[in-house]
Amino acid sequence: MNSTLPLVATVVAYLIGSLSFAVIVSAVMGLNDPRTYGSGNPGATNVLRSGSKAAAALTLLLDAVKGLVPVLLVKYVGPDYGLHDGTLALVAIGAFLGHLFPVFFKFKGGKGVATALGVLLGISGWLGLLVLLTWLAVALTTRYSSLSALVAAVLAPVYYVLLGGSLWNYDQSVLLAVIAMSALLLWRHAENIGRLLRGQESKIGSKKDKTAPVAKPVSQKKRRR
């Protein structure tokens, strides 16, 4: 195996992850940059605040795909080039970090929920499905999107350990990658955790969550002052 291939695969995964589809989709569909309104977070939830469900759905799908594809390529094509679970773990983290800190968008990325889900689906369809069902169960029960993401993030490595060897192959390097993603997801949701503890977090579909879709870009706001 070429010793540089794992590094190349990781860098490519990071570059793919750096494609901020919230910004790209919004620009293509003629919407405001999601970094200039609402939470300022370039993710599907904030794009939904633009009023375009289609743009939000497309962002969600593409953000998941950019985590899924690099992992699947290493998983199914990588062995032919000597790339195995160690490289898969590096690629998983690379794609996820690309979303959080995209080199093409001044390192201002989203929180990583959809991309993490894509990565987990690539590692194992069963693992991704369990995490998705966990998110849905918490969301339907509490109507808190952030709490759903937090619970799913905490349980992802637990699922990996408990069911590793039965529903999917267990590998310690992959487990470390899953733990790292979970920790980063918790860190990125620090503000949400604070609002949840204070009882100030908005629920899915609440009026507070529907930030005005006509929010002006920052530059226009400054000119109006």
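Refer to the structure presented above.
Residues numbered from 1 in each chain as written. Predicted model: local features only at pLDDT ≥ 70, side-chain atom pairs only at ≥ 80, totals over all residues. Heavy atoms only, no water.

Q: Which residues make up the overall build of the protein chain, and what values do they have?
A: A tally of regular secondary structure across the protein chain gives eleven helices and zero strands. Along the protein chain, from the amino end to the carboxyl end, the secondary structure elements read α-α-α-α-α-α-α-α-α-α-α. Radius of gyration (C-alpha) of the protein chain: 18 Å, near the 17 Å computed for a compact globule of 225 residues. Dimensions of the protein chain, computed from the C-alpha atoms along their principal axes, are close to 60 × 35 × 25 Å. Buried positions account for 44% of the 225 residues belonging to the protein chain. Considering only contacts in the protein chain between residues 6 or more positions apart, those separated by 24 or more positions represent 64%. Of the accessible surface of the protein chain, which amounts to about 11,600 Å², a share of 67% is contributed by carbon and sulfur atoms. (Helix = DSSP H or I, 4+ residues; strand = E, 2+ residues; numbered from the N terminus. Rg over C-alpha atoms; globule rule 2.2 N^0.38 Å. Buried < 20%, exposed > 50% of the residue type's maximum accessible area, 1.4 Å probe, protein only. Contact = heavy atoms within 4.5 Å. Areas by Shrake-Rupley, 256 points an atom, 1.4 Å probe, with all protein chains shown as cover.)

Q: Explain the packing of helix H8 (residues 145–163) against helix H10 (residues 190–198) to me, using residue names and the numbers behind them.
A: As a packed pair, H8 and H10 sit with axes 10 Å apart at the nearest point and diverge in direction by 115°. Considering how the two elements wind past one another, H8 and H10 form a crossing that is left-handed. When H8 is examined against H10, the residues Ser146, Leu147 and Leu150 are found in contact with a partner set consisting of Asn192, Ile193 and Leu196. (Axes fitted to C-alpha atoms, helices over the stretch in contact; angles between N-to-C directions. Left-handed = near helix turned anticlockwise from the far one by under 90°.)

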